[in-house]
Amino acid sequence: MTSDPFQSTAPQIAASILSADFAKLGDEIGDVDRGGADFLHLDVLDGHFAPNISFGPAVTAATRRVTVAFLDVHLMISEPERYASKFLKAGASGLTFHVEAVADATQTARRLRQMGCRHVGITLNPATPVEKIFPALDDVDHVLVMSVVPGFSGQKFMPEVLPKAEAVKKRLRANQRMEMDGGIHKETIRRAQDAGVDWFVVASAIFDQKNRAAAIAILRGCLR
Ligand code: DX5
Ligand code: ZN
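These numbers come from a predicted model, not from an experiment.

## Here we look at the coordination of the zinc ion (ligand 2)
Each donor-metal-donor angle in an ideal tetrahedron of four donors is 109.5 degrees, and each such angle in an ideal octahedron of six donors is either 90 or 180 degrees.
So, point 1. On the protein side, the zinc ion (ligand 2) has His-41 (NE2), Asp-43 (OD), His-74 (ND1) and Asp-181 (OD) as donor atoms, found 1.9 to 2.1 Å from it.
So, point 2. Metal-centred angles of 95 to 146 degrees between the 4 donor atoms at the zinc ion (ligand 2) mark the site as irregular.
So, point 3. Read in sequence order, the donor residues coordinating the zinc ion (ligand 2) give the pattern H-x1-D-x30-H-x106-D. Here Asp-181 lies in strand E7 (residues 177–181) and Asp-43 lies in strand E2 (residues 39–45), a separation of 138 residues in the sequence.
So, point 4. Classification of Asp-181 as buried rests on a relative accessible area of 7%.

## A short note on the environment of Arg-171
So, point 1. Within the secondary structure layout, Arg-171 lies in helix H5 (residues 162–171).
So, point 2. What makes Arg-171 partly exposed here is its relative accessible area of 44%.
So, point 3. Once you skip the residues sitting within four places of it in the chain, Arg-171 turns out to touch Phe-134, Leu-137 and Gln-176.
So, point 4. Within the local environment of Arg-171, its side chain forms a polar contact with the backbone oxygen of Ala-167, the two atoms lying 3.0 Å apart.

## Some details on the site of ligand 1
So, point 1. If you check the shell around ligand 1, you find 18 residues, and the closest are Asp-43, Gly-151, Asp-181, Gly-183 and Ser-204.
So, point 2. Contact between ligand 1 and Asp-181: an oxygen atom at 2.7 Å from a side-chain N or O atom of the residue.
So, point 3. For ligand 1, whose unbound accessible area comes to 370 Å², protein coverage reaches 99%.
So, point 4. For the shell around ligand 1, a count of residues per class yields 9 nonpolar, 7 polar and 2 charged.

## Looking at the packing of helix H1 (residues 25–35) against helix H8 (residues 212–221)
So, point 1. In contact at an axis separation of 8 Å, H1 and H8 are set at 45 degrees when each is read in the N-to-C sense. Relative to H8, the element H1 is oriented oblique. The element H1 and its partner H8 pack so that their crossing is right-handed. In contact with Glu-28, Asp-31, Val-32 and Gly-35 of H1, H8 contributes Arg-212, Ala-213 and Ile-216.
So, point 2. Here the residues of the contact of H1 with H8 are counted per class, giving 3 nonpolar, 1 polar and 3 charged.

Thresholds applied
All chains use their own residue numbering, which begins from 1 and follows the written sequence. As they are written, the chains are lettered A onward and the ligands numbered 1 onward, keeping that order. Per-residue local features of the predicted model are confined to residues with pLDDT of at least 70, and side-chain atom pairs are confined, for both listing and counting, to 80 or more; whole-chain, interface and lining totals are unaffected and use all residues. The basis for the side-chain values is all heavy atoms of the structure; hydrogens and waters are excluded. Because water is not among the atoms used, a metal site may look incomplete, as its donors are only the N, O and S atoms within 2.8 Å, or 3.2 Å for Na, K and Ca. A four-donor site is called tetrahedral if each angle lies between 85 and 135 degrees; a four-donor site is square planar, and a six-donor site octahedral, when trans pairs exceed 155 degrees and the remaining angles lie between 65 and 115; all other cases are labelled irregular. Only runs of H or I of at least four residues qualify as helices and only runs of E of at least two qualify as strands under DSSP, and these elements are numbered from the N terminus. Buried residues are those whose accessible area, probed at 1.4 Å on protein chains only, stays under 20% of the maximum for their type, while exposed residues exceed 50% and partly exposed ones sit between those limits. Pairs of residues are marked as contacts when any of their non-hydrogen atoms sit within 4.5 Å. N or O atoms within 3.5 Å of each other form a polar contact, as long as, within protein, one can give a hydrogen and the other can take it, and as long as residues adjacent in sequence are counted only when both atoms are side-chain atoms. Nearness is defined per residue: one heavy atom within 4 Å of the molecule or strand is enough. Shrake-Rupley sampling with a 1.4 Å probe provides the accessible areas, and residues are treated as covered by the protein chains on show and by no other component. As a working rule, the residues Ala, Val, Leu, Ile, Met, Phe, Trp, Tyr, Cys and Pro are called nonpolar, Asp, Glu, Lys and Arg charged, and the rest polar, with Gly in that last group. Helix axes are fitted only over the stretch in contact, all axes being lines through C-alpha atoms; the angle between N-to-C directions runs from 0 to 180 degrees. Angle categories are assigned with fixed cut-offs, so that under 35 degrees is roughly parallel, over 145 is roughly antiparallel, 65 to 115 is roughly perpendicular, and the rest are oblique. Less than a right angle of anticlockwise turn of the near helix away from the far helix marks a crossing as left-handed, whereas a clockwise turn marks it as right-handed.

From the geometry alone we can't say anything about function, so treat these as descriptive.
Okay, here's the thing in structure tokens:
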């Protein structure tokens, strides 16, 4: 796994631990590391911004202890600035906040950077117009386009978000990346790539499979 996915322009597969077996998280991380995942995606849910509760800084710190991989922390939480420093202290490599959760995305992106966040991401829900994130694009390193409604892994891919990805792609600098999260599997990953996606977040299509290396190889085999 890589400690800095921005070094490459090649497509990258981020294993979301949301579908991992939390009773043996260290082993699960080792499995996807050996299995060829490029980095880890940590889906943080607070039960308020989204109707599920997953984990927080403590699990982020535990994950940090067992891998040098880039920890791509997706904050599906209200008040992301209130908790950002705790995730950074826990070892998050990048923090991605929801445009719906803040008053001024540009200010939030700048404040996260002032807190020491080296990789700032912005994300938007399927129902949010893509124009909402445009003002903040200069201040972020990557954009995450949600292809499901935040809350749970194993949901159905929403192809109606693909035009949003195409609109974002046109506006990204060469050193920025675009990520997609939700319902990514062998039937949908290529469509996401064709819409300009660089990084593919995958939870159930990896962790629900017995052989994670084979699952990741199948996904990679779908990409050009
Ligand atoms: C939504 C989560 C999920 C997860 C991906 O709350 O962000 O999208 O990462 O889950 P799968 O890959 O199972 O759709
Ligand atoms: Zn996510």
